[in-house]
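These are the residues of each chain, in order.
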Amino acid sequence: MAILVKNIKQLVQAETKSVKWRAGKDMQKLPIIENAFLLVEGEKIKDFGRMEDLTPEVLEKVKEHIEEIDATGRMVFPSFCDSHTHIVYAGSREVEYIDKIKGLSYEEIAKRGGGILNSVQRLHETSEEELFDQAWQRLEEMASFGTGACEIKSGYGLSTEDEIKMLRVIRKLKEKSPLTIKANFLGAHAVPLQYKQNPDEYVDLIINEMIPMVAAEDLADFVDVFCDKGFFTCEQTERMLMQGIKYGLRPKIHANELDYSGGIQVGVKYNALSVDHLEYTGDEEIAALLGSETMPTILPGAAFFLGMVCAPARKMMEAGLPVALASDYNPGSCPSGNMQLVVAMGSVMYKMLTEEAVNATTINTAYAMGVQEELGTITKGKRANFFITKPMDTIYYMSYGFGSNKVEQCFLNGKRQ
């Protein structure tokens, strides 16, 4: 069945040709068509334009029965792409949240066996079936807020067996979910307790055993490392990235969340698709990113939840960089995958214009997970992932009305969800 959405108040992010990303001042540009239509056939966007251009000849090209949807007073956006999530985990960590309120730092909680290592123990004790069921509920919640694609990382296993278990759950989610999903192997999320005195031994395990096994089962699209103070050094990171590249896994990096770690420069050196977090980003880091193919990705929810300094988004954009915003949905530092809230945080915390925040959560995050050719904009031939909003006066309500769900109907692969 084909779908015709007509009388759209504003069709947002409508591009006649595919674009890689938006950077610098161009992030303030958000192509919008007033009083528009959107035509979907099968899983793809067939056509779009102004209502006055919706002629019988346009509809005659459609071979299927057409369902019409009247979007009077409503807007249509491309679905959000969330390029950084950790949604395969067991249970929650709200007790640690109370520790944070009492004043303990992220590093102090981790040293006590909390943080990532807490989630590692819980995951070890949980079956693949239960992990899948929990992650499925999170995916459905994310979709209800307008997300149509996400990257899911491993990293709560920290052993070969449990990392493989996580990645198999992600593979099952890929197979069953209408969302577009990319898998990221993050065995280097933290150093397990038994390797604390010799972290290089754990790095050797990742290089010599984990990565070859992950590649043999074709379980991941990317390889990732937490390159930061108290986690993995630049030298260790380079060793793991080189092995990942050898096995066909493109690098990504958790970088500069806790200090000026050198992680951003390592990411650029190895052509990482993205470097993520970036609270500690200065002139040297910006200079390294300029001219690279690496997407700087900020995670507002983590900075908000942990009370950290904000990454210098405005400085990055003024330097000419693209910026992406993702959720970091995880049990310890951002228990939310609401990308509408991420848009609002982009404006409130980082002083991004709504246009910039929408670009940062659609086309730029699509690039950050390698799907910009099929998602991120309303473009002919791209996958029909979009949502119809509730009645809205302007696009600015997307970042202003942070407490409400502004999605009325969601479509993934051309089908209403």
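Look up: the structure comes first, before these words.
A few points on the structure. (Residues numbered from 1 in each chain as written. Predicted model: local features only at pLDDT ≥ 70, side-chain atom pairs only at ≥ 80, totals over all residues. Heavy atoms only, no water.)

**Observations concerning the overall build of the chain**
Part 1: On a plain count of helices and strands, the chain comes out with 16 helices and 16 strands.
Part 2: Here the C-alpha atoms of the chain give a radius of gyration of 21 Å, agreeing with the 22 Å that 2.2 N^0.38 yields for 417 residues.
Part 3: Counting only C-alpha atoms and orienting by the principal axes, one finds that the chain spans roughly 70 × 45 × 40 Å.
Part 4: Per-residue burial over the chain gives 61% buried out of 417 residues.
Part 5: Sequence-distant contacts, at least 24 apart, represent 72% of the contacts inside the chain between residues at least 6 apart.
Part 6: Taken as a whole, the chain presents about 16,200 Å² of accessible surface, with 49% of it coming from carbon and sulfur.
Part 7: Here the chain holds 45 positive side-chain charges and 59 negative ones, and the gap between their average locations is 3 Å. (Helix = DSSP H or I, 4+ residues; strand = E, 2+ residues; numbered from the N terminus. Rg over C-alpha atoms; globule rule 2.2 N^0.38 Å. Buried < 20%, exposed > 50% of the residue type's maximum accessible area, 1.4 Å probe, protein only. Contact = heavy atoms within 4.5 Å. Areas by Shrake-Rupley, 256 points an atom, 1.4 Å probe, with all protein chains shown as cover. Lys, Arg positive; Asp, Glu negative; His and termini not counted. Charge placed at Lys NZ, Arg CZ, Asp CG, Glu CD.)

**Details of the nonpolar core**
Part 1: One finds V88, L173, F185, F232 and M352 to be the most contacted residues of the largest nonpolar core, which totals 98 residues.
Part 2: No other element matches the seven residues that helix α7 (residues 199-216) contributes to this core.
Part 3: What F185 contacts, discounting residues up to four positions off in sequence, is S154, E163, L167, I206, M210, I211, V214, A220, F222, V223 and D224.
Part 4: Ranked by size, the runner-up nonpolar core spans 19 residues in total, among them L38, V40, F48 and I69. (Core = buried A, V, L, I, M, F, W, Y, C linked by side-chain atoms within 4.5 Å.)

**Focus on the packing of aromatic side chains**
Part 1: The full count for this structure, using the stated rule, is 10 aromatic pairs.
Part 2: Here F226 and F231 contribute two aromatic rings whose centre-to-centre distance is 4.1 Å and whose plane-to-plane angle is 15°, an arrangement assigned as stacked.
Part 3: Among the aromatic residues, ring-to-ring pairing joins F77, F80 and F387 into one connected group.
Part 4: If you follow K20 out to its NZ or CZ, it ends over the ring of W21, 4.2 Å from the centre.
Part 5: When the ring centre of F222 is taken as reference, the NZ or CZ atom of K252 above it lies at 5.1 Å. (Phe/Tyr/Trp six-rings, centres within 6.5 Å; stacked < 30°, edge-to-face > 60°. Lys NZ or Arg CZ within 6 Å of the ring centre and 35° of its normal.)

**What about unusual backbone geometry?**
Part 1: The phi angle at N256 is positive, at roughly 55°, despite the residue not being glycine.
Part 2: On the secondary structure map, N256 appears in the loop between β10 (250-255) and α9 (263-269).
Part 3: The exposure class of N256 is buried, given its relative accessible area of 0%.
Part 4: With phi around 55°, N271 is a residue other than glycine that occupies positive phi space.
Part 5: Inspection of the secondary structure assignment puts N271 in the loop between α9 and β11 (274-277).
Part 6: Taking the relative accessible area as the measure of exposure, N271 reaches 37% and is therefore partly exposed.

**Comments concerning the sheet that holds strand β12 (residues 295-298)**
Part 1: Pairing within the open sheet is parallel, and its eight strands lie in the order β6-β7-β8-β9-β10-β11-β12-β13. Two strands in the sheet have a free side with no partner beyond their single neighbour: β6 (80-85) and β13 (324-325).
Part 2: As paired strands, β6 and strand β7 (residues 147-153) are joined by four bridges and run parallel to one another. Along β7, the bridge assignment pairs D82 with C150. (Pairing = 2+ DSSP bridges.)

**Here's the deal with helix α6 (residues 160-176)**
Part 1: Taking 1.5 Å per residue, 17 residues should reach 24 Å; α6 reaches 24 Å between its end C-alpha atoms and fits that length.
Part 2: Within the span of α6, buried status applies to T160, D162, E163, I164, K165, M166, L167, V169, I170 and L173.
Part 3: On its buried face, α6 is in contact with α4 (116-124), α5 (128-144), β7, β8 (180-188) and α7. (Expected span 1.5 Å × (residues − 1).)

**Observations regarding the environment of C410**
Part 1: Within the secondary structure layout, C410 lies in strand β15 (residues 407-412).
Part 2: Look at C410 and you get buried, because its relative accessible area is 7%.
Part 3: Separated by 22 residues in the primary sequence, C410 and I388 have C-alpha atoms spaced 6.4 Å apart.
Part 4: Dropping the residues within four chain positions of it, C410 is found in contact with A143, F386, F387, K415, R416 and Q417.

**Structural notes on the environment of V223**
Part 1: In this structure, V223 sits in strand β9 (residues 222-227).
Part 2: For V223, a relative accessible area of 2% corresponds to the buried category.
Part 3: Expressed as a C-alpha distance, the spacing of V223 and F80, which sit 143 residues apart in the sequence, is 23 Å.
Part 4: Ignoring sequence-local partners within four residues, the contact set of V223 consists of N184, F185, I211, M240, L241, G244, L249, R250, P251 and K252.

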